Amino acid sequence: MTYLNSFLFVGLICLIGQIILDNTKLTAGHITSIFVVIGALLDTFNIYDMIINFVGPGAMVPITSFGHSLIHGAIAKANEMGVIGILMGMFDLTAAGIVSAVFFSFILLLIFNPKD
Amino acid sequence: MEKKDYKEIVNRHKPTESRVANAITSFLVGGLMGVISVFLTELYSYLFEIPTKDATTFMIVTLIFVACLFTALGFFDKWVNFAKCGLIIPITGFAHSIMSAGLEFKKEGLIYGVGSNMFKLAGSVIVLGIASAAFFGAIRFLIFGGV
């Protein structure tokens, strides 16, 4: 069941992105940025948490979950420390993704050269 | 050559892209990414005996590593051209944009090339994400009282 939910959810998000990409002048950069903002907006009202509970790990794959993770870490820290926690906890959950992307890219860039 | 003839020739050689086919492809590829993510999460959860939430982080790191490696090897670009949003919207697109910007500017050196241009494409996601998350986070914390 988790497999089917994840298939449908990630597929649906990609489908919406593709429809926007094909029918408007927006580029891939616009769409990913908009989706991150939407993810953050949905988590403001706890909606994205419900989606994650329902869909499972698949809901963490689309870029919308990046906005969700940013705001989630911020709120968790803010509950401990007060308003300043929003600034301190922002990267608590997304750090793994960003750091691994930069680290792997850098190591691989030292090894590989661009093709053509 | 007449302008009309020229347009005809251009139209004949333009790659034919069906929006419906694009939509179906990205739906299927995106769905496949979802299935792979669940499989990896359950695999890690079983292998390392950790809760699903921790295994999710392992899964995301794996997807990022695979996307970076395939981009470096040169064939991920073709996949992205084929699947479009099916690979751009999942976290693989984020890794792909960092890696391909790095590869493009590698010839300008490691500091001014790679260092300053790595986030050329992915930077917009991070900046807008942080700005909106700080704004919405403040709203949620101050008005709804956190939680």
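Use the structure listed above.
Quantities reported herein were computed from a predicted structural model and do not represent experimental measurements.

### Quick look at the overall build of chain A
Per the secondary structure count, chain A includes six helices and zero strands. The order of α-helices and β-strands along chain A, N terminus first, is α-α-α-α-α-α. Seen along its three principal axes, the alpha-carbon backbone of chain A occupies a region of about 50 × 35 × 35 Å. When each of the 116 residues of chain A is scored for burial, the buried share is 51%. At a minimum sequence separation of 6, the contacts of chain A that also span at least 24 residues come to 45%. Summed over its atoms, the accessible surface of chain A is roughly 5400 Å², and 74% of this surface lies on carbon and sulfur atoms.

### Here we look at helix α4 (residues 64–81) of chain A
Taking 1.5 Å of rise per residue, 18 residues should cover 26 Å, and α4(A) covers 26 Å from first to last C-alpha, within 8% of that figure. Residues of α4(A) that are buried include every one of A:T64, A:S65, A:F66, A:G67, A:H68, A:S69, A:L70, A:I71, A:G73, A:A74, A:I75 and A:A78, and no others. Those residues of α4(A) hidden inside the fold are in contact with α1 (2–23), α2 (28–44), α3 (47–55), α5 (84–88) and α6 (95–111) of chain A together with α8 (123–143) of chain B. Among the residues trailing α4(A), A:G82 stands out with phi positive, at a value near 90 degrees.

### Focus: a nonpolar patch on the surface
On the surface, A:V99, A:F103, A:F106, A:I107, A:L110, A:I111, B:L110, B:I111 and B:Y112 cluster together into a nonpolar patch covering about 950 Å² of accessible area. Listed by contribution, the elements that provide at least two residues to the nonpolar patch are α6 of chain A together with α7 (110–117) of chain B. With six residues, the single largest contributor to the nonpolar patch is α6(A). Mapped onto the elements of the fold, A:I111 is located in helix α6.

### Some thoughts on the interface of chain A and chain B
At the junction of the two partners, chain A supplies 63 residues and chain B supplies 66 residues. It is A:Y3, A:V61 and A:L109 that lose the most area in chain A upon contact with chain B, and together they represent 12% of the buried surface on that side. Seen at the junction of chain A and chain B, the total is one salt bridge. A salt bridge links A:D43 to B:R140, with the shortest nitrogen-to-oxygen separation between them at 3.3 Å. For the pair chain A and chain B, the interface holds twelve residue pairs in polar contact (both at pLDDT 80 or more). Residue assignment for the side of chain A that touches chain B shows that the elements contributing at least two residues are α1, α2, α4 and α6 of chain A. Here the element with the most residues in the side of chain A that touches chain B is α1(A); it accounts for 16 residues. For the side of chain A that touches chain B, a count of residues per class yields 42 nonpolar, 18 polar and three charged.

### Some points on the nonpolar core
Judged by nonpolar contacts, the single largest core of 64 residues is most densely connected at A:F9, A:I63, A:F66, B:I64, B:I89 and B:F94. The biggest single contributor to this core is helix α3 (residues 52–73) of chain B, with eight residues. Discounting chain neighbours no more than four positions away, the residues touching A:F9 are A:Y48, A:I51, A:V55, A:A59 and A:P62.

### Some points on the state of the cysteines
Per the counting criterion, the structure on display carries zero disulfides over all chains. Free cysteine: A:C14, not disulfide-bonded; nearest cysteine sulfur from B:C85 at 7.0 Å. The exposure class assigned to A:C14 is buried, which follows from its relative accessible area of 1%. The structure places no disulfide on B:C68, whose sulfur is separated from the nearest cysteine sulfur, that of A:C14, by 18 Å.

### Let's talk about the packing of aromatic side chains
Going through the model one piece at a time under the given rule, you end up with twelve aromatic pairs over all chains. The interplanar angle of 80 degrees and the centroid separation of 5.7 Å between the aromatic rings of A:F7 and B:F27 together place this pair among those described as edge-to-face. In this pair, A:F7 is assigned in helix α1 and B:F27 in helix α2 (residues 19–47), connecting two distinct chains. Members of the aromatic cluster, connected to one another through ring pairs, are B:F70, B:F75, B:F76 and B:W79.

So, how was this worked out
Residues numbered from 1 in each chain as written. Chains lettered and ligands numbered in written order. Predicted model: local features only at pLDDT ≥ 70, side-chain atom pairs only at ≥ 80, totals over all residues. Heavy atoms only, no water. Helix = DSSP H or I, 4+ residues; strand = E, 2+ residues; numbered from the N terminus. Buried < 20%, exposed > 50% of the residue type's maximum accessible area, 1.4 Å probe, protein only. Contact = heavy atoms within 4.5 Å. Areas by Shrake-Rupley, 256 points an atom, 1.4 Å probe, with all protein chains shown as cover. Expected span 1.5 Å × (residues − 1). Patch = residues over 30% accessible without salt bridge, like charges linked within 9 Å, V, L, I, M, F, W, Y side chains within 5 Å. Salt bridge = Lys/Arg side-chain N within 4 Å of Asp/Glu carboxyl O. Buried area = accessible area lost by both parts, 1.4 Å probe. Polar contact = N/O pair within 3.5 Å; in protein donor to acceptor, adjacent residues only side chain to side chain. Nonpolar A, V, L, I, M, F, W, Y, C, P; charged D, E, K, R; others polar. Core = buried A, V, L, I, M, F, W, Y, C linked by side-chain atoms within 4.5 Å. Disulfide = S-S within 2.5 Å. Phe/Tyr/Trp six-rings, centres within 6.5 Å; stacked < 30°, edge-to-face > 60°.

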